[in-house]
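# Per-entry structural report
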Amino acid sequence: MNLHEYQARDLLKVAGIPMFDGDVASTPTEAEAIARRLGGTVVVKAQVHVGGRGKAGGVKLARNPAEALECASQILGMTIKGLVVNKVLVVPAADIATESYVGLILDRATQLPVFMVSDAGGVDIEEVAAKTPEKITKIAVDPRYGLMPHQALTLALALYRDWAHVKAATKIMMQLYQVFMNNGASLAEINPLVTTPDGKVLALDAKIIIDDNELDRRPDLAVLRDESGEEPSEVQARRANLTFIKLDGNVGCVVNGAGLAMATMDLVKYYGGEPANFLDIGGSSNPEKVVNALKIITADPNVKVILFNIFGGITRTDDVANGIVAATKQFEVKVPIVIRLTGTNEAEAFKILEGVGMVAMNDMDAAVSKAVGLTKEVA
Ligand code: GDP
Ligand code: MN
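So, a few notes on the structure that sits alongside this text. (Residues numbered from 1 in each chain as written. Chains lettered and ligands numbered in written order. Predicted model: local features only at pLDDT ≥ 70, side-chain atom pairs only at ≥ 80, totals over all residues. Heavy atoms only, no water.)

### Brief notes about the site of ligand 1
Taken together, 15 residues are adjacent to ligand 1, and K45, R53, G54, A94 and E99 come closest. The side chain of K45 places a nitrogen or oxygen atom 2.5 Å from an oxygen atom of ligand 1. A distance of 2.6 Å separates an oxygen atom of ligand 1 from a polar atom in the side chain of R53. For ligand 1, the protein covers 80% of the area, taking 560 Å² as the surface of the free molecule. In a pocket analysis with a 2 Å cut-off to the grid points, ligand 1 is assigned to the largest pocket. If you list the elements that add at least two residues to the shell around ligand 1, you get β2 (42-46) and β10 (185-195). Tallied by class, the residues present in the shell around ligand 1 amount to seven nonpolar, four polar and four charged. Taken domain by domain, the makeup of the shell around ligand 1 includes at least three residues from each of domain 1 (21-92) and domain 2 (98-222). (Near = heavy atom within 4 Å. Polar contact = N/O pair within 3.5 Å; in protein donor to acceptor, adjacent residues only side chain to side chain. Areas by Shrake-Rupley, 256 points an atom, 1.4 Å probe, with all protein chains shown as cover. 1 Å grid on protein atoms, 1.4 Å probe; cavity = no way out; pocket = protein on both sides within 12 Å on 5 of 7 lines; lining within 4 Å. Sits in = over half its atoms within 2 Å of the grid points. Helix = DSSP H or I, 4+ residues; strand = E, 2+ residues; numbered from the N terminus. Nonpolar A, V, L, I, M, F, W, Y, C, P; charged D, E, K, R; others polar. Domains from an automatic or database assignment.)

### Observations regarding the layout of surface pockets
Counted as a void, the largest pocket has a volume near 1,100 Å³. Forming the boundary of the largest pocket are 44 residues, of which R53, G122, N191, P192 and D205 lie nearest the centre. Listed by contribution, the elements that provide at least two residues to the lining of the largest pocket are α1 (5-14), β2, β3 (59-62), β6 (88-92), β7 (98-107), α4 (125-131) and β10. With four residues, β10 is the single largest residue contributor to the lining of the largest pocket. Looking at the lining of the largest pocket residue by residue, the class counts come to 23 nonpolar, eight polar and 13 charged. Mapped onto the lining of the second largest pocket, the elements with two or more residues apiece are α8 (232-239) and β13 (243-246). (Points joined across faces, edges and corners; volume = space filled by probe spheres on them.)

### A closer look at helix α6 (residues 163-182)
Its 20 residues place the ends of α6 29 Å apart at the C-alpha level, agreeing with the 28 Å of an ideal helix rising 1.5 Å per residue. Among the residues making up α6, those that are buried are H165, V166, A169, T170, I172, M173, Q175, L176, Y177, V179 and F180. Of the residues flanking the end of α6, it is G184, one or two places downstream, whose phi is positive at about 60 degrees. (Expected span 1.5 Å × (residues − 1). Buried < 20%, exposed > 50% of the residue type's maximum accessible area, 1.4 Å probe, protein only.)

### Examining the nonpolar core
With 38 residues, the main nonpolar core has L12, F115, M173 and I208 as its most contacted residues. Elements represented by at least two residues in this core include exactly α1, β7, β8 (112-118), α5 (149-159), α6, β10, β11 (201-203) and β12 (207-210). Counting residues per element, this core draws most heavily on α6, which supplies eight residues. One finds V291, A293, I296 and V303 within the second-largest nonpolar core, a separate group that totals 34 residues. (Core = buried A, V, L, I, M, F, W, Y, C linked by side-chain atoms within 4.5 Å.)

### Quick look at the pairing of strand β15 (residues 277-280)
Of the two faces of β15, the one holding N277 and L279 and the one holding F278 and D280 are both buried throughout. In terms of strand pairing, β13 meets β15 through four bridges, oriented antiparallel. Among the inter-strand pairings, I245 is bridged to a residue of β15, identified as F278. (Pairing = 2+ DSSP bridges.)

### A look at the packing of α5 against α6
Between α5 and α6, whose axes approach to 8 Å, the crossing angle comes to 130 degrees. In terms of their interaxial angle, α5 and α6 are classed as oblique. Viewed along their axes, α5 and α6 form a crossing whose handedness is right-handed. Two secondary-structure elements touch here, α5 through P149, A152, L153, L155, A156, L157 and L159 and α6 through W163, V166, A169, T170, M173 and M174. A breakdown of the residues in the contact of α5 with α6 according to their chemical character gives twelve nonpolar, one polar and no charged. (Axes fitted to C-alpha atoms, helices over the stretch in contact; angles between N-to-C directions. Parallel < 35°, antiparallel > 145°, perpendicular 65-115°, else oblique. Left-handed = near helix turned anticlockwise from the far one by under 90°. Contact = heavy atoms within 4.5 Å.)

### Section: empty space enclosed by the protein
For the structure on display, the rule yields one cavity of 30 Å³ or more. In this model, the largest cavity occupies a volume close to 50 Å³. Every residue lining the largest cavity is listed: S233, F244, K246, A276, N277, I296, I297, D300 and V303. Listing elements by their share of the lining of the largest cavity, those giving two or more residues are β13 and α10 (287-298). A class-by-class count of the residues in the lining of the largest cavity yields five nonpolar, two polar and two charged.

What follows is the structure, given as C-alpha cells:
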C-alpha cells in the first residue's frame, strides 16, 4: 500500500527525522490559510501516488498566501500520470544547498533490507542507477541486529564531508531504519534529503510503501489507504477478499491457490497466450467468491475467454460449480468459459454444470490449450 507524502511524513516525524511542519489542503482557500499561518515562502505539493511530481508541475513555490492560493488552484484537479490530485501539502520552503537520495528497500535478491544512498539526489534514482551506478552506495542490513552505527556512518560519509552533516545524516539513517521496520514497509525513501546553507539536514520528500500483509495487525496504517490512486479492479477484488493482480493479456484466470495460479499463468504462456490477471480465490469454496471473481474479470474489456482451473482439496468443486451457475444467472457472461475441475466432489460439480449446458474438463493441459485457442478464434 502506497502512502501519500503527507502520511509518510507523519511516520518520519514520529521517528524524529527533521523536517518542516506543514499541513494538507483539499481546496485553494485551505492552502491559502495554511500558507498564512506558516508565513514566508511555502511549497505547494500535489499528493498523488507517483514520483516525478516536480517535473510534472505538481510542486510549486509560493512567496505569499495569495500565490499559495493560485498554485493550489492550479495543482488541485490536475492529472499527473493518470492520477487526479485531490490534496496538496503546504510546507515552508527550504533553501537548498545540496540534494541527496536516501532509500531503504526490501531487496528480493538478498532477502534483506538494503540501504541505498546517493549524493546525486532530487532526480530520478532509477536514472542514476542506470547511467551512473557508481554514484549509489548500497549496504544490506541484517535484520537480526538492525542497522549498525558504523553502517549508518558509512552511508552518511558517502553523502557528506562536513562532520555536522555526517552526524545529522547518521542519525537520520538510524531513524529511517526504525520507520521501515516498525511499520512493515517494503520501501522508505527520502528524496531529496537536503542540506541548507545554514547547515541543517532536512527531509524534503517522503515515500513509504507498506507491505499489505502488515495491515491486518495495524489498523492505524490500514486507514491511510487511498483507493482513488489504485487500479479499480484490484480495489474491488480486495473488498471481496480475493488475491488479484491485473495484467495486460486476454485470458481471464480463476484459480484456487497461489501456486496453481502461477502454474496456470505459466501454462497459458506456454500455449502462446497471455493471462489477463492473477487471481487466487483461496482455499475455502464459497460460491459468492466465484461470483465476485467473475464480476471483476468480465469487467475487463481485454478478456476474450475465462479459464477456471480448480483443484478440489479443501475447496469443494461443487461449490465452485454452483458459483459459476449463480454468476451466469446474475449477469450475462459474454465470453466463453473454459472450466477445468478435479478433486473433491467433482462428479457433483460436472453434473451441476451439465444441468445448465456447460461442459467441464478434467485435464489441465487440455483446458489451457483450449482457452488459448479460443482467444485466437474470437480475435
Ligand atoms: P517529486 O518530484 O515527486 O519527487 O517531489 P519532491 O518533493 O522531491 O520535489 C521535487 C523537487 O522540488 C525537489 O527535488 C526540489 O528540487 C524541489 N523542492 C521541493 N521542496 C522544495 C523546497 O522546500 N525548497 C526548494 N527550493 N525546492 C524544493
Ligand atoms: Mn522526491
